[in-house]
Amino acid sequence: DVEVQYRRELRVVGERRFRATTLRTLLSCAAPGPFEQIEARLSEVTEGWIAQLDGRSLFTLLDAGESFSPGDDVQVRIEEQDGRAVVLAQGPWFRVTFVETA
């Protein structure tokens, strides 16, 4: 079953870990631009986020029908809407929607 395989593979991705060095490298690769000064002023907050994420799993895939719950972990839920898989992610600081066409 495609859904079972998709969920299995997504769980494997979610088990990967955030690494502080990787996050810092990604942030340092951003092209200089008009927001560079703002980013510099936010560096203390950014370091706090990196410290909280370091070593944690990327996300936990919730079982079908399970709702998001409060907490510090990033949670992912899959819904089907109009024949599309919609991946909803919620973390301690954000909510995101990804849509994958069928």
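Below is a summary of the structure that appears in this document. (Residues numbered from 1 in each chain as written. Predicted model: local features only at pLDDT ≥ 70, side-chain atom pairs only at ≥ 80, totals over all residues. Heavy atoms only, no water.)

1. Details of the overall build of the protein chain
Stage number 1. If you tally the helices and strands in the protein chain, you get 4 helices and 4 strands.
Stage number 2. The helix and strand sequence of the protein chain, counted from the amino end, reads α-α-α-α-β-β-β-β.
Stage number 3. Taken against the 2.2 N^0.38 rule, which gives 13 Å for 102 residues, the C-alpha radius of gyration of the protein chain at 16 Å runs more than 25% over that of a compact globule.
Stage number 4. For the protein chain, the spread of C-alpha atoms along the three principal axes comes to 45 × 25 × 20 Å.
Stage number 5. Per-residue burial for the protein chain yields a buried fraction of 22% across its 102 residues.
Stage number 6. In the protein chain, the proportion of contacts linking residues at least 24 apart, taken out of those at least 6 apart, comes to 39%. (Helix = DSSP H or I, 4+ residues; strand = E, 2+ residues; numbered from the N terminus. Rg over C-alpha atoms; globule rule 2.2 N^0.38 Å. Buried < 20%, exposed > 50% of the residue type's maximum accessible area, 1.4 Å probe, protein only. Contact = heavy atoms within 4.5 Å.)

2. Let's talk about the pattern of salt bridges
Stage number 1. What the rule picks out here adds up to 4 salt bridges.
Stage number 2. A salt bridge links Arg-56 to Asp-73; its shortest N-O distance comes to 2.3 Å. Placement of the pair is Arg-56 in the loop between helix H4 (43-53) and strand S1 (60-61) and Asp-73 in the loop between S1 and strand S2 (75-81), with a sequence separation of 17 residues.
Stage number 3. Residue Glu-79 pairs with Arg-77 through a salt bridge whose shortest N-O separation is 2.6 Å.
Stage number 4. Relative accessible area serves as the criterion here: at 19%, Arg-77 is assigned to the buried category. (Salt bridge = Lys/Arg side-chain N within 4 Å of Asp/Glu carboxyl O.)

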